[in-house]
Amino acid sequence: MTMVGAHGHAPYITVSIIMNKKNIISRTVQDLPPSGIRVFFDLVIGMKDVISLGVGEPDFVTPWNIRETAIYAIEQGYTSYTSNKGLIELRQEISRYLKRRYGLDYDPEEEILITVGVSEGFDLAVRALTDHGDKLLIPEPSYVAYGPITSLCGGQPLYLKSDPAAGFKVSAGQIERNTDKKTKGLILNYPNNPTGASYSKKELLDIAKVIERHDLIMISDEIYCDLTYDFDHTPFPTLPRMKERTVYLNGFSKSFAMTGWRIAYACGPKDIIAAMTKIHQYTMLCASVISQMAAREALKNSDRAVQEMKREYRRRREFIISRLNEIGLSCHKPEGAFYAFPSIKDTGLSSLTFAQELLKREKVAAVPGTAFGPMGEGYLRMSYATSYENLKEAMARIERFVARIKPTT
Amino acid sequence: MKELLEILENNARATPEEIGKMLGRKVSLVKNDIKNLEKNGVILKYKTIINKELLREEDSSVRALIEVKVVPQKNLGFDHIAERIYQFPEVTSCYLMSGTYDLLIIVEGKNLQKVSNFVAEKLSPMENIRGTVTHFILKKYKEDGDILKQPNKSKRPAITL
Ligand SMILES: Cc1ncc(COP(=O)(O)O)c(C=O)c1O
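J.: Even after reading the chapter, I still don't get the packing of helix H5 (residues 117–129) of chain A against helix H9 (residues 270–283) of chain A, so can you show me in this structure?
T.: When two helices pack together, their arrangement is given by the angle between the helix axes and by the axis-to-axis distance. Residues and elements named next belong to chain A. Contact geometry for H5 and H9: axes closest at 9 Å, N-to-C directions at 115°. H9 is crossed by H5, and the crossing has right-handed handedness. Contacts between H5 and H9 involve Glu120, Gly121, Leu124, Ala125, Arg127, Ala128 and Leu129 from the former and Ile272, Ala275, Met276, Ile279, His280 and Thr283 from the latter. When its residues are assigned to classes, the contact of H5 with H9 shows eight nonpolar, three polar and two charged.

So this is what it looks like as structure tokens:
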């Protein structure tokens, strides 16, 4: 008797599935929006020598002091679980940091939870707050996770159009008009992925009034807060009476170029953080201790590196925005993050066609606006988290591409 | 002004047009800023950083750090003797130091022999020099903020949301 196949490998066993295949995957997951964009992504990944403006993460490596701290932590044998909420030393450091930067007061014992990325923090917040049928308002175009996670939790995403004419922002009036008895809260992300838009304190105050008047919860994803170029970033919980209604999400991925470390934090009222911790302890147990040690170093000793990266992004922003407008792809000036969101409507092409043709003809990758919801049609997301040389070359290629397609429109 | 210098320090070939775009400043103003910085001597000159480790043998050179102890001169302090030393083209850098010696100089020559000759024939016999210690540089890892190694290729996937 042998279990080994003709070529020395274990034979593959195909389990024939009796059930109709459709029923294996849960209804909820089947109903999640399919990623139509996947085909385009596979095209990008399969192609060589592409200049990519498609990347949603910093092009810097994590500053050395942070990496070195992680190496040291491993050497010293920091290899175990931590408390569910995360190392108290890190939570204390976060508390001090938020106080120093924004005058925020969060109790490290009960109001801060260390999460595996803002991705997890967001998931926990929605799970902790959403009952079946609850509505969450989501400005669109939007970061890709918000709608699907809301649906997974049995909630109902309700998309608000971020008005391009208003710099891709939603207004307080819009939020109010779309609120009814089933509306639980608002998910706001500023500075924004994909539009780069951010909100001034005055705009946020108007939104805060609506939040209070209709007894809503705010889930505020401020992961790009350190990349705000034209004014000081205002965290939502600093607004009057908003701390008790806000889940404040922030992390290390963008500010400190730490996407691969999977480390972030959520701050909020004690009962919400307790509810989120309850889920977190079952699904995640805790965040990686090594990343937690590194994150602490990031908060303590990286101001200079963060500022240097920010200056570099700002220069690239000025460059790419002025070039795009020269080329004839009109583009508002994004207040933050590292994305330009130019309009391609004048070319007469759809976002996906534009992106595909640009990739095929000029080997430049950018993300069709529709990846961020139907309201992204007519736009492209171009990340300027890439070297200045790449940006220069990409803009030259886009210029050539646009000049060539113009006559046919 | 500081940011303009930051750009040029990293890339002396950045054009006023490019710099203007990066800083959101008119090209004519950028040209003016640069002209003024050159006039004031803040910008001394534009150089190219060459990784000499990669040159062929006959084009390569060696460098040594030399600690120099000197007798300061009345009324002139260290400046006079420093000037006599740094005028030699072999001397690429010259610093006055605190601590156990006085001047730190960097000398460049075609080979070990050339540098040793310079120390023995030019430097040591100089009046008011009490002694020298020569350290040859064996390998350069980083110089003036630049790591002398091709950076690793980016490991980021080409597209993420
Ligand atoms: C708006 C927004 N929120 C959250 C995330 C995910 O961040 P993290 O790496 O902390 O999970 C991203 C990453 O692209 C983002 O753009």
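More follows now that the structure is in view.
J.: Help me understand the pattern of salt bridges, please; the structure alone is not making it clear to me.
T.: Any two side chains of opposite charge can pair, so long as their charged atoms come close to each other. Counted according to the given criterion, the structure contains 41 salt bridges over all chains. In this structure, the salt-bridge partner of Glu312 of chain A is Arg315 of chain A, at a minimum N-O distance of 3.0 Å. Of this pair, Glu312 of chain A and Arg315 of chain A both sit in helix H11 (residues 303–327), three residues apart, roughly one helical turn. For Glu312 of chain A, a relative accessible area of 23% gives the class partly exposed. Arg315 of chain A gets classed as buried once you look at its relative accessible area, which sits at 5%. Residue Glu58 of chain B pairs with Arg56 of chain B through a salt bridge whose shortest N-O separation is 3.7 Å. Judged by its relative accessible area of 54%, Arg56 of chain B is exposed. Each of the salt bridges in this network shares a partner with another, and the network as a whole consists of Asp59, Arg311, Glu312, Arg314, Arg315 and Arg316 of chain A together with Glu3 and Glu6 of chain B.

J.: Whenever I open this one, the interface of chain A and chain B confuses me. Can you help?
T.: Much of the literature gives interface size as the accessible area that the parts lose upon coming together. Contact with chain A, which involves 30 residues of that partner, is made by 14 residues of chain B. Here chain A packs against chain B, burying approximately 1900 Å² in sum over the two surfaces, 57% of which is carbon and sulfur. Across the chain A-chain B interface, the total number found is six salt bridges. Notably, a salt bridge pairs Lys392 of chain A with Glu18 of chain B, separated by 2.8 Å at the nearest N-O pair. The tally of links from chain A across to chain B stands at 14 residue pairs in polar contact (both at pLDDT 80 or more). Elements with a minimum of two residues in the side of chain A that touches chain B: helix H2 (38–45), H11 and helix H13 (388–405) of chain A.

J.: I tried to follow helix H1 (residues 2–10) of chain B on my own but got confused; where do I start?
T.: Every α-helix winds through 3.6 residues per turn, so residues three or four apart in the chain are directed the same way. Among the residues of H1 of chain B, Glu3, Leu4, Ile7 and Leu8 of chain B are the ones counted as buried. Seen along its axis, H1 of chain B keeps its buried residues to an arc of 135°; they face one direction. Across from the buried face of H1 of chain B, at angles greater than 90 degrees, the exposed residues are Lys2, Glu9 and Asn10 of chain B. Where H1 of chain B is buried, its residues touch H11 of chain A together with helix H2 (16–23) and helix H3 (27–39) of chain B.

J.: What is the right way to look at the packing of aromatic side chains in this model?
T.: The way to describe two aromatic rings as a pair is by their centre distance and the angle between their planes. All names here are of chain A. This model, assessed by the stated rule, comprises 17 aromatic pairs over all chains. Here Phe168 and Phe341 contribute two aromatic rings whose centre-to-centre distance is 5.3 Å and whose plane-to-plane angle is 85°, an arrangement assigned as edge-to-face. With Phe168 in the loop between strand E4 (156–161) and helix H7 (172–177) and Phe341 in the loop between strand E9 (339–340) and helix H12 (351–362), the pair connects residues that are 173 residues apart, well separated along the chain. For Phe341, a relative accessible area of 1% translates into the label buried. The interplanar angle of 5° and the centroid separation of 5.3 Å between the aromatic rings of Phe341 and Tyr379 together place this pair among those described as stacked. Of this pair, Phe341 sits in the loop between E9 and H12 while Tyr379 is found in the loop between strand E11 (367–368) and strand E12 (380–383), placing the two residues 38 residues apart along the sequence. Three or more aromatic residues joined by ring pairs make a cluster, and in this case those are Phe60, Tyr224, Tyr313, Phe338 and Tyr339. Here Lys169 stacks its cationic end above the ring of Tyr199, 5.8 Å away from the centre of that ring. Its guanidinium or amino end placed over the ring of Tyr106, Lys243 lies 4.9 Å from that ring's centre, counting from NZ or CZ.

J.: Please explain the environment of Glu93 of chain A as it appears in this structure.
T.: Residue and element names in this part refer to chain A. Following the sequence through the fold, Glu93 ends up in helix H4 (residues 88–102). Expressed as a C-alpha distance, the spacing of Glu93 and Leu299, which sit 206 residues apart in the sequence, is 7.0 Å. Residues in contact with Glu93, not counting those within four places in the same chain, are Arg296, Leu299 and Lys300.

Calculation criteria
Residues numbered from 1 in each chain as written. Chains lettered and ligands numbered in written order. Predicted model: local features only at pLDDT ≥ 70, side-chain atom pairs only at ≥ 80, totals over all residues. Heavy atoms only, no water. Axes fitted to C-alpha atoms, helices over the stretch in contact; angles between N-to-C directions. Helix = DSSP H or I, 4+ residues; strand = E, 2+ residues; numbered from the N terminus. Left-handed = near helix turned anticlockwise from the far one by under 90°. Contact = heavy atoms within 4.5 Å. Nonpolar A, V, L, I, M, F, W, Y, C, P; charged D, E, K, R; others polar. Salt bridge = Lys/Arg side-chain N within 4 Å of Asp/Glu carboxyl O. Buried < 20%, exposed > 50% of the residue type's maximum accessible area, 1.4 Å probe, protein only. Buried area = accessible area lost by both parts, 1.4 Å probe. Polar contact = N/O pair within 3.5 Å; in protein donor to acceptor, adjacent residues only side chain to side chain. Arc of directions from axis to C-beta. Phe/Tyr/Trp six-rings, centres within 6.5 Å; stacked < 30°, edge-to-face > 60°. Lys NZ or Arg CZ within 6 Å of the ring centre and 35° of its normal.

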